[in-house]
Amino acid sequence: MIPPHRLSYHRKPSPPPATPFPRTGDSSSPTLKILPEHPATLILRRFLFLVAVSLSCVILFRASDSVRFLPRFQSSTSGSSSSSFPFNFSSAFGDSPLAGDGYRLEKVLKDAAMEDSTVIITAINEAWAAPNSVVDLFLESFRIGDHTRRLLNHLVIIGLDQKAFARCLVIHTHCFSLVSDGVDFRHEAYFMTPDYLKMMWKRIDFLRSVLEMGYNFVFTDADVMWFRDPFPQFYLDADFQIACDIFLGSSDDVLNRPNGGFNYVKSNNRSVEFYKFWYSSHETFPGYHDQDVLNIIKSHPFILDIGLKMKFLDTAYFGGLCEPSKDLNEVCTMHANCCFGLDNKLHDLRIMLQDWKHFMSLPPSLKRLSNFSWSVPQNCSLSSLHHYDSPKKDIEEGGQD
């Protein structure tokens, strides 16, 4: 754009040089007359000046806004096996503009974030989003939990298909659509099937983008029931902390069996590089899901090289059907893991919620003295505990989630 002071207008030819002014008092001196500028010309000049200034302001605003947005998405390490942009929105949204989708995600995260830029994230497909299905039980757990209702203000639900996203808009405030062309996540994704693997790895790649945008997150599967605020039980010095199917007694023991369905991650260079490494490892170990790969790489030298502080969460607070929390006075979350089939999962989740309601109805004195225990698992199977060390065998025998 041409700066205002260089705009050219039509002007009359310059007159010849004026005769030098005679000395004062010279009767022959000509009279200098300054003709007033035509009103129409004055208005035109002022109008063009205002237009030029306005256009300059618009261009400067857009340029500064782009500078503000773009660096948050830059890869922290050149040459990484993953794309320089944290998530391939072009493939996730078809022909949607790249920046527009990034802005949409950032707006959802910003609206849901706590003061320290932490969000709670879950992901659902059509099967889990249907009325009276998993997501309804998930939200109910927040409402009946001990001081957990307020955490719904910070929950972002990711719809993996259009129907899941549409249902989210009906039942919740913070929703985001993550729909991929050519991938059908609408129906129940059975454990270790190709659709299941795609869904799990898509989730890891997406969570990396959240970290690169500067947000901490608690990722939770929707079949994790929230009964107490988990934040007081998190380790303050950990970059990455994850729940376990089997907890061996120490939060630092890499022999613990982690479960990718619940983890708390702080946004920093270490966690971003870790998620890049985790995601790229699915090419090294094809046919394995994210949890199996994590079990393989959790003691990899790369983790030590980047300085990632990893912690494993005690099942006393973060239990599941694999290893239930024993004390309902302490439990924060319960996961319907080690469970094959949606109907079986729903059956045991409903019983789990009833157990909690019954416990909460007890007077405080009985709660403290009670030996109350869970009535689950019932329909859900614990057979995966016997062949946990063999992911390939899980595939052959129908595996567990």
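Residues numbered from 1 in each chain as written. Predicted model: local features only at pLDDT ≥ 70, side-chain atom pairs only at ≥ 80, totals over all residues. Heavy atoms only, no water.

## A few points about the overall build of the protein chain
For step 1, the next point in the chain: When its secondary structure is counted, the protein chain shows 13 helices and ten strands.
For step 2, the next point in the chain: Contacts in the protein chain between residues far apart in sequence, at least 24 positions, make up 72% of those at least 6 positions apart.
For step 3, the next point in the chain: Split by element, the accessible area of the protein chain, about 20,800 Å² in all, is 57% carbon and sulfur. (Helix = DSSP H or I, 4+ residues; strand = E, 2+ residues; numbered from the N terminus. Contact = heavy atoms within 4.5 Å. Areas by Shrake-Rupley, 256 points an atom, 1.4 Å probe, with all protein chains shown as cover.)

## Concerning the side chain of asparagine 268
For step 1, the next point in the chain: Considering the arrangement of structural elements, one finds asparagine 268 in the loop between strand E7 (257–265) and helix H8 (269–284).
For step 2, the next point in the chain: Within the structure, the side chain of asparagine 268 is placed 3.0 Å from the backbone nitrogen of arginine 270, a separation counted as a polar contact. (Polar contact = N/O pair within 3.5 Å; in protein donor to acceptor, adjacent residues only side chain to side chain.)

## Remarks on the packing of H8 against helix H9 (residues 290–297)
For step 1, the next point in the chain: It is the contact of H8 with H9, at a shortest axis distance of 9 Å, that shows an interaxial angle of 115 degrees. Relative to H9, H8 is oriented roughly perpendicular. Remark: the crossing between H8 and H9 carries right-handed chirality. Contact residues: Phe274, Phe277, Trp278 and Ser281 in H8; Asp290, Val293, Leu294 and Ile297 in H9.
For step 2, the next point in the chain: A per-class count over the contact of H8 with H9 returns six nonpolar, one polar and one charged. (Axes fitted to C-alpha atoms, helices over the stretch in contact; angles between N-to-C directions. Parallel < 35°, antiparallel > 145°, perpendicular 65-115°, else oblique. Left-handed = near helix turned anticlockwise from the far one by under 90°. Nonpolar A, V, L, I, M, F, W, Y, C, P; charged D, E, K, R; others polar.)

## Concerning the state of the cysteines
For step 1, the next point in the chain: A complete count under the given rule lists three disulfides for this structure.
For step 2, the next point in the chain: Bridging cysteine 168 to cysteine 175, the disulfide has an S-S length of 2.0 Å. On the sign convention where negative is left-handed, the bridge of cysteine 168 and cysteine 175, at about -85 degrees about the S-S bond, is left-handed.
For step 3, the next point in the chain: Each sulfur in the disulfide pair cysteine 322 and cysteine 338 lies 1.7 Å from the other. A torsion of 95 degrees about the S-S bond marks the disulfide between cysteine 322 and cysteine 338 as right-handed. (Disulfide = S-S within 2.5 Å.)

## Notes on the packing of helix H5 (residues 134–144) against helix H11 (residues 342–360)
For step 1, the next point in the chain: At a minimum axis separation of 10 Å, H5 and H11 run at an interaxial angle of 15 degrees. It follows that H5 is roughly parallel to H11 by the angle criterion. By crossing handedness, the relation of H5 to H11 is classed as left-handed. Here Val134, Leu137, Glu140, Ser141 and Ile144 of H5 lie close against H11, whose contacting residues are Leu342, Leu346, Leu349, Arg350, Leu353, Trp356 and Lys357.
For step 2, the next point in the chain: Grouping the constituent residues of the contact of H5 with H11 by class yields eight nonpolar, one polar and three charged.

## Focus: the sheet that holds strand E10 (residues 333–335)
For step 1, the next point in the chain: Strand order in the open sheet formed by three strands is E5-E10-E9, and the pairing between neighbours is mixed. The sheet terminates laterally at strand E5 (224–226) and strand E9 (318–320), the two strands that pair on one side only. Mean inter-strand twist for the sheet, computed between neighbouring axes without regard to direction, equals 20 degrees.
For step 2, the next point in the chain: With three bridges connecting them, E9 and E10 associate as parallel partners. The residue of E10 that forms the bridge with glycine 320 is histidine 335. (Pairing = 2+ DSSP bridges.)

## Digging into H8
For step 1, the next point in the chain: Look at H8: 23 Å from first C-alpha to last across 16 residues, which is about the 22 Å you get at 1.5 Å a residue.
For step 2, the next point in the chain: Buried residues of H8: Ser271, Val272, Glu273, Phe274, Tyr275, Lys276, Phe277, Trp278, Ser280 and Ser281, and no others. (Expected span 1.5 Å × (residues − 1). Buried < 20%, exposed > 50% of the residue type's maximum accessible area, 1.4 Å probe, protein only.)

## Considerations on the environment of glutamate 273
For step 1, the next point in the chain: Looking at the element boundaries, glutamate 273 is found in helix H8.
For step 2, the next point in the chain: On the basis of relative accessibility, which here comes to 13%, the residue glutamate 273 falls in the buried class.

## Regarding the pairing of strand E2 (residues 155–159)
Every regular strand shows the same layout, with side chains that alternate between the two sheet faces.
For step 1, the next point in the chain: In terms of burial, E2 is largely enclosed, as five of its five residues are buried.
For step 2, the next point in the chain: Residues Leu155, Ile157 and Gly159 of E2 are buried on one face, and the alternating residues Val156 and Ile158, pointing to the opposite face, are buried as well.
For step 3, the next point in the chain: In this sheet, E2 lies alongside strand E1 (residues 118–124) in parallel orientation, the contact comprising five bridges. Residue pairing in the sheet places isoleucine 120 in a bridge with leucine 155 of E2.
For step 4, the next point in the chain: Taken together, the three bridges between E2 and strand E3 (residues 175–177) define a ladder with parallel strand orientation. Its bridge partner being in E3, glycine 159 is matched across the sheet by serine 177.

## Notes on the confidence of the model for the protein chain
For step 1, the next point in the chain: Taken residue by residue, the protein chain gives an average pLDDT of 78. The fraction at 70 or more is 67%.
For step 2, the next point in the chain: Across residues 1–34 the pLDDT falls below 50, and counting only partners more than four positions away or on other chains, this stretch makes 13 contacts in the model.
For step 3, the next point in the chain: Ignoring residues within four places in sequence, the model shows residues 61–100, a span with pLDDT below 50, making 70 contacts including any to other chains. (pLDDT = per-residue confidence, 0-100.)

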